[in-house]
Amino acid sequence: MNTVFKCFELEGKVALVTGAARGLGAETAETLAKAGAKVVVSDVLMAEAEATAQRIRELGGEALALGHDVTNEQHWEQVVQATVEAFGGLDILVNNAGIEKMALFTEACVEDFRLMHEVNVTGVFLGIKHAARAMRPEGSAGKGGSIINLSSVAGLVGMPALGGYCSSKGAVRLMTKSAAVEFARLGYGIRVNSIHPAIIKTEMGINVVRGLAAVGLAPDEASADAYVESLHPIGYGQPQDVSSAVLFLASSASRWSTGSELVIDGGASAC
């Protein structure tokens, strides 16, 4: 029976996870490492990224922390090159880094809107571009691979006070599909898929609850929390629920999946 689970193992694989200093990114980096991957933990929060890498090493895995602004193309070139040089390849990219700023449309700041798109969309675009350059047959890694983009349930349905965030995550969803089709037609051997979580109680998820109260969509944080939880028919999820989905898409268990959107939302989008 153990042979059934072999397809989820990542022994010999190299993964790069952006925004992995904390939250879903840190959980994802640790999950991939437990499955056998060598992991590069990248983030602008270098001290916390190093802490994530250290936890992986303490568990017996191999990990490297790198400073990384995902909006900076030169950083992408450097991080991908450092990944290949340190671990001998690049098989998995998890475009996890992202930001969220809440505001009503009538009160929203255009600078915040632009920043969300710069991090959430341009950052993913640059990740796809430079990972594909390394993964394609003539690249520095050259063995194909799996690119996993963290979108959101907010990239599938509208949510109040999250107009800018919704538009950025919707862009990630369709950019994923475009890259998946293009890379398949070119014979790169690179699969590209997106994951769409609902609200997980990481720091970002807690900020959504607080934001609903702050913009007047709930009378207080307790009411906002009860409302948000009610949006998920089977309750709030945990970071491990998302990292398990990443593991599936990173592994050969999903070898026939590309251009797909994997919804991990506790039933929120089914309502």
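Heads up: the structure comes first, above all this text.
Residues numbered from 1 in each chain as written. Predicted model: local features only at pLDDT ≥ 70, side-chain atom pairs only at ≥ 80, totals over all residues. Heavy atoms only, no water.

Caption draft 1: Spotlight on the overall build of the protein chain. Each helix and strand in the protein chain was counted, giving eight helices and seven strands. A compact globule built from 271 residues would reach a C-alpha radius of gyration of about 18 Å, and the protein chain, at 18 Å, matches this within 12%. Across its three principal directions, the C-alpha atoms of the protein chain cover 55 × 45 × 40 Å. Looking at the protein chain residue by residue over its 271 residues, the buried ones come to 49%. Taking all contacts inside the protein chain whose residues are at least 6 apart in sequence as the whole, residues at least 24 apart take part in 69%. Entry remark: accessible area of the protein chain is about 12,400 Å², with carbon and sulfur atoms responsible for 54%. (Helix = DSSP H or I, 4+ residues; strand = E, 2+ residues; numbered from the N terminus. Rg over C-alpha atoms; globule rule 2.2 N^0.38 Å. Buried < 20%, exposed > 50% of the residue type's maximum accessible area, 1.4 Å probe, protein only. Contact = heavy atoms within 4.5 Å. Areas by Shrake-Rupley, 256 points an atom, 1.4 Å probe, with all protein chains shown as cover.)

Caption draft 2: Examining the packing of aromatic side chains more closely. One pass over the structure, following the stated rule, counts one aromatic pair. Between Phe183 and Tyr188 the ring centres are 5.4 Å apart and the planes differ by 35°, which places this aromatic pair in the tilted class. The same class applies to Phe183 as to Tyr188, namely buried. (Phe/Tyr/Trp six-rings, centres within 6.5 Å; stacked < 30°, edge-to-face > 60°.)

Caption draft 3: The arrangement of the packing of helix 6 (residues 203–214) against helix 7 (residues 221–230) in detail. Running from amino to carboxyl end, helix 6 crosses helix 7 at an angle of 120°, the nearest separation of the two axes being 8 Å. As far as their axial angle goes, helix 7 and helix 6 are oblique. For the crossing formed where helix 6 meets helix 7, the hand is right-handed. In this structure, helix 6 contributes Val209, Arg210, Leu212 and Ala213 to the contact, and helix 7 contributes Glu221, Ala224, Asp225, Tyr227 and Val228. Considered class by class, the residues forming the contact of helix 6 with helix 7 number six nonpolar, no polar and three charged. (Axes fitted to C-alpha atoms, helices over the stretch in contact; angles between N-to-C directions. Parallel < 35°, antiparallel > 145°, perpendicular 65-115°, else oblique. Left-handed = near helix turned anticlockwise from the far one by under 90°. Nonpolar A, V, L, I, M, F, W, Y, C, P; charged D, E, K, R; others polar.)

Caption draft 4: Here's a closer look at the pattern of salt bridges. Taken as a whole, this structure holds eleven salt bridges when the rule is applied. For the salt bridge of Arg55 with Glu30, the shortest nitrogen-to-oxygen distance reads 2.9 Å. Taken as a pair, Arg55 in helix 2 (residues 46–58) and Glu30 in helix 1 (residues 23–34) lie far apart in primary sequence, 25 residues in all. Here Glu30 falls in the buried class, since its relative accessible area comes to 14%. A salt bridge links Arg57 to Glu50; the nearest nitrogen and oxygen atoms lie 2.2 Å apart. A relative accessible area of 30% means that Arg57 is categorised as partly exposed. Counted as one network, the salt bridges with shared partners bring together Arg22, Glu48 and Glu203. (Salt bridge = Lys/Arg side-chain N within 4 Å of Asp/Glu carboxyl O.)

Caption draft 5: Fine view of the sheet that holds strand 4 (residues 92–95). Taken in spatial order, the seven strands of this open sheet run 3-2-1-4-5-6-7, and their pairing is parallel. Unpaired on one side and paired on the other, strand 3 (63–67) and strand 7 (261–264) mark the two borders of the sheet. Shown here is a sheet whose adjacent strand axes are inclined to one another by a mean of 20°, direction ignored. Across five bridges, the pairing between strand 2 (residues 38–43) and strand 3 is parallel. (Pairing = 2+ DSSP bridges.)

Caption draft 6: Representation of the environment of Leu126 in the model. Relative to the helices and strands, Leu126 is located in helix 4 (residues 110–135). Sequence spacing of Leu126 and Ile199 is 73 residues, and the spatial spacing of their C-alpha atoms is 26 Å. Contacts of Leu126, omitting those with residues within four sequence positions, involve Val70, Thr71, Asn72, Glu73 and Trp76.

Caption draft 7: Spotlight on helix 1. Across its twelve residues, helix 1 extends 17 Å between first and last C-alpha, which sits within 8% of the 16 Å expected from 1.5 Å per residue. With respect to burial, helix 1 is a largely interior element, nine of its twelve residues being buried. Among the residues of helix 1, those classed as buried are Leu24, Gly25, Ala26, Thr28, Ala29, Glu30, Thr31, Leu32 and Ala33. Packed against the buried residues of helix 1 are strand 1 (14–18), strand 2, helix 2, strand 4 and helix 8 (239–250). Taken from the residues just after helix 1, Gly36 is the one with a positive phi, measuring 115°. (Expected span 1.5 Å × (residues − 1).)

Caption draft 8: Looking closely at the environment of Gly23. For Gly23, the position within the fold is in helix 1. When the C-alpha positions of Gly23 and Gly205 are compared, they lie 9.7 Å apart, and in sequence the two are 182 residues distant.

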